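What follows is each chain in one-letter form.
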Amino acid sequence: MGIPHACWCRCNQAKAAVALAVSCSFCNLAFSLSCLIERVHRLLVHQSNQRTLISILRSKDQLFLASYMAEAMMKQVNGGLAEKFGPVFDPTAVVAEPVPPVVTENGHELKHKTAEKEIVLGKNVHASCFSVTEPEADDEFTGDKEAYMAGVLARYRKTLMERTKHHLGYPYNLDFDYGALAQLQHFSINNLGDPFIESNYGVHSRQFEVGVLDWFARLWELENNEYWGYITNCGTEGNLHGILVGREVFPDGILYASRESHYSVFKAARMYRMECVKVDCLISGEIDCAGFKAKLLQNKDKPAIINVNIGTTVKGAVDDLDLVIQTLEESGFTQDRFYIHCDGALFGLMMPFVKKAPKVSFKKPIGSVSVSGHKFVGCPMPCGVQITRMEHINVLSSNVEYLASRDATIMGSRNGHAPIFLWYTLNRKGYKGFQKEVQKCLRNAHYLKDRLLDAGISAMLNELSSTVVFERPQDEEFVRRWQLACQGNIAHVVVMPNVTIDKLDDFLNELIDNRSTWYEDGKRQPPCIAADIGSENCVCAAHK
Ligand SMILES: Cc1ncc(COP(=O)(O)O)c(C=O)c1O
């Protein structure tokens, strides 16, 4: 039995979508009510379903009911297989009590956990987790556990919708529709090994992965037969890989990175036990090439491995790649004595579409570029793209007989769904679509910065960036509500394609309203953030 296609709503919540479609504001297609009624009828034929449904109906929780229905329908569809084949092994052969009881500090089993918020560094906090509990012996009959889980998921979905609505601080594009890919969630797609060498595991998506890699190689001007790359699990993995390639090319090289580089760069240095030299930044957050030159000259005897930021995490500053190369050359480093990794986690895909931006291109002497797939691109799961030169990858690789493939990646198993999401969105938007989105983000970022300054709030926006840096709000509750990223006295909003003028207005109105109460009695003053954003952008009492 299959579910008629017309009954599926097209929002990307897969199973839950079937049931929620009746009231789902995301859906384009109306759910067929007669079909729902028919399915309710079928479900009620089973006594266990009747009992659970009655208890849910008593609770009058419609969302809960809807989710339960969706789960039950999916079970009907998918469960047939299990029934057909029956048990595959003797159940008496397994351990009778496989799971030990949960014991807390005072020795009692923990049944319900409170949702109190607690932030304690160095201590794991379990207060708000959904604990995993063993099903009751009669659960198959009562279906209570199923109903409980459906309820938890339905409520969690509501939370996600609310949190998505109030998100501004992290560089994630939350505007997407991957409904068409819901059909693939039943497959364990894994691209373990090298994207260009098929392993023995056949449930993979290499054909999508290579298509995506070709697209990025073209964007960064490297011919298909000259590049190697793979879809990573995130921007961090891209940095770990790029810096590892640099280290393999120059085993005694020194890693240079600006202080405002992402922490993953310094993590790579620690992991690979590399000597790492931190370089100071300009107020904008861009690497200070005068300081860089001084450090290079102190270490002329060792090759240089450089992390170049195509958009820093906090200020969205873009290092001047051409100036970095020029500095290397002026300091006596010829191209066979340096390796450049470009960390383009966020702006790697925005920069090519910004007119005045320095170009990231393999026509220049760079070794690798990485970008996150869940940031500007808008993939719903963390992922990234890593591209390097083919000539470098052989240094890193070894053959693995068990895989019937080559090992040149950081991770072993690799998410095979991610390349399909990337492929889907690249096909839909194309270069032109991304260009439009970049323009919109830059426009909206300017709007936000101007309105902040008009309201007397210190703010800075780097020329090539959509990251607006401003005075840290004084109320942590407000920071959490809008999920702002903060560092010291500054906070930032990263304007992504899903951040509209309406959303920015809501945020600004709330901020301005709240702010008037934070500083109302005159006892507290807005902080001076000139040291972070420059005195020309600071409108504190001293710099007005
Ligand atoms: C500049 C930069 N590099 C690397 C990363 C790490 O990316 P990911 O979170 O995808 O691991 C980030 C994340 O924000 C970043 O801003």
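Predicted, not measured: the structure shown is a model, and the values here were computed from it.

> Honestly, the UniProt feature "modified residue: N6-(pyridoxal phosphate)lysine" (unreviewed entry) in the protein chain in this entry has me stumped. Any pointers?
UniProt tags Lys375 as "modified residue: N6-(pyridoxal phosphate)lysine" (unreviewed entry). With respect to the secondary-structure elements, Lys375 resides in the loop between strand 6 (368-372) and strand 7 (384-389).

> Can you help me understand the site of the ligand in this one?
In the vicinity of the ligand lie 17 residues, with Cys234, Gly235, Thr236, His262 and Ala345 positioned nearest. With three residues, helix 8 (residues 235-249) is the single largest residue contributor to the shell around the ligand. Split by residue class, the shell around the ligand holds five nonpolar, eleven polar and one charged.

> I tried to follow the sheet that holds strand 6 on my own but got confused; where do I start?
Pairing between the strands of a sheet is mediated by backbone hydrogen bonds and can be parallel or antiparallel. Taken in spatial order, the seven strands make up an open sheet running 1-7-6-5-4-2-3, and their pairing is mixed. Edge positions in the sheet fall to strand 1 (227-232) and strand 3 (276-279), since each has one partner strand and no second. Looking at each pair of strands side by side, their axes are set apart by 15° on average, direction ignored. Across six bridges, the pairing between strand 1 and strand 7 is antiparallel. Looking across to strand 7, one finds that Gly229 is bridged to Ile387.

> Could you clarify how one ought to interpret helix 7 (residues 206-219) in this entry?
Helix length check: helix 7, at 14 residues, gives a terminal C-alpha distance of 20 Å against a target of 20 Å (1.5 Å per residue), a fit within 8%. Among the residues of helix 7, Arg206, Phe208, Glu209, Val212, Leu213, Phe216, Ala217 and Leu219 are the ones counted as buried. Those residues of helix 7 hidden inside the fold are in contact with strand 1, strand 7 and helix 13 (417-454). The first or second residue beyond helix 7 is Glu221, which carries a positive phi of 65°.

> Sorry if this is basic, but what is going on with the nonpolar core here?
In globular proteins that are soluble, nonpolar side chains generally tend to be buried together. If you look at the biggest cluster of nonpolar residues, it comprises 102 residues, and the most contacted ones within it are Val212, Trp220, Ile387, Leu422, Val468 and Val495. With twelve residues, the top contributor of residues to this core is helix 13. Residues in contact with Leu422, not counting those within four places in the same chain, are Val212, Ile231, Gly373, Val377, Cys379 and Cys383.

> Mind showing me how you'd approach the confidence of the model for the protein chain here?
Detailed reading of the predicted model is not advised wherever pLDDT is low. Taken as a whole, the protein chain shows an average pLDDT of 84; of its residues, 78% reach a score of 70 or greater. Considering only residues more than four positions removed or in separate chains, one finds that residues 1-38, a stretch of pLDDT under 50, has 56 contacts.

> Sorry if this is basic, but what is going on with the packing of helix 10 (residues 289-298) against helix 11 (residues 321-330) here?
In helix packing, the relevant descriptors are the interaxial angle and the interaxial distance, both defined with respect to the helix axes. Two numbers describe how helix 10 lies on helix 11: the axes approach to 10 Å, and their chain directions differ by 30°. What the angle tells us is that helix 10 and helix 11 run roughly parallel. Considering the relative orientation of helix 10 and helix 11, their crossing is right-handed. The segment helix 10 lies against helix 11, with Cys289, Phe292, Lys293 and Leu296 engaging Leu323, Val324, Thr327, Leu328 and Glu330. Here the residues of the contact of helix 10 with helix 11 are counted per class, giving six nonpolar, one polar and two charged.

> What's the story with the packing of helix 7 against helix 13 in this structure? I'm lost.
Interaxial distance between helix 7 and helix 13 falls to 8 Å at its minimum, and their mutual angle equals 50°. Between helix 7 and helix 13, the angle is such that the two are oblique. Relative to helix 13, the crossing made by helix 7 is left-handed. In this structure, helix 7 uses Phe208, Glu209, Gly211, Val212 and Trp215 to contact helix 13, whose residues at the interface are Pro419, Ile420, Leu422, Trp423 and Leu426. Of the residues assigned to the contact of helix 7 with helix 13, the class counts are eight nonpolar, one polar and one charged.

> What should I look at first to understand the sheet that holds strand 12 (residues 485-487) in this one?
Within the open sheet, the four strands sit side by side as 10-11-13-12. Their pairing is antiparallel. In the strand order of this sheet, the two ends are held by strand 10 (459-461) and strand 12, each with one partner. Shown here is a sheet whose adjacent strand axes are inclined to one another by a mean of 25°, direction ignored. Sheet topology places strand 11 (residues 467-471) next to strand 13 (residues 490-494); five bridges connect them, and they run antiparallel. Note on strand 13: the bridge partner recorded for Val469 is His492. This element, helix 13, spans strand 10, strand 11 and strand 13 of the sheet and lies at about 160° to strand 10.

> Where do I start with unusual backbone geometry in this structure?
Glycine aside, negative phi is the norm for most residues, and most peptide bonds take the trans geometry. Here Glu221, not a glycine, exhibits a phi torsion of approximately 65°, which is positive. Relative to the helices and strands, Glu221 is located in the loop between helix 7 and strand 1. Even without glycine at this site, Gln483 takes up a positive phi of about 50°. Take Gln483: it is sitting in the loop between helix 14 (476-481) and strand 12. Gln483 gets classed as partly exposed once you count the C-beta atoms within 10 Å, which come to 15.

Definitions and cut-offs
Residues numbered from 1 in each chain as written. Predicted model: local features only at pLDDT ≥ 70, side-chain atom pairs only at ≥ 80, totals over all residues. UniProt positions renumbered as here; feature names shortened; annotations may be inferred. Helix = DSSP H or I, 4+ residues; strand = E, 2+ residues; numbered from the N terminus. Near = placed C-beta within 6 Å. Nonpolar A, V, L, I, M, F, W, Y, C, P; charged D, E, K, R; others polar. Pairing = 2+ DSSP bridges. Axes fitted to C-alpha atoms, helices over the stretch in contact; angles between N-to-C directions. Expected span 1.5 Å × (residues − 1). Buried ≥ 20, exposed ≤ 12 C-beta atoms within 10 Å, placed from the backbone. Contact = placed C-beta atoms within 7 Å. Core = buried A, V, L, I, M, F, W, Y, C linked by C-beta atoms within 7 Å. pLDDT = per-residue confidence, 0-100. Parallel < 35°, antiparallel > 145°, perpendicular 65-115°, else oblique. Left-handed = near helix turned anticlockwise from the far one by under 90°.

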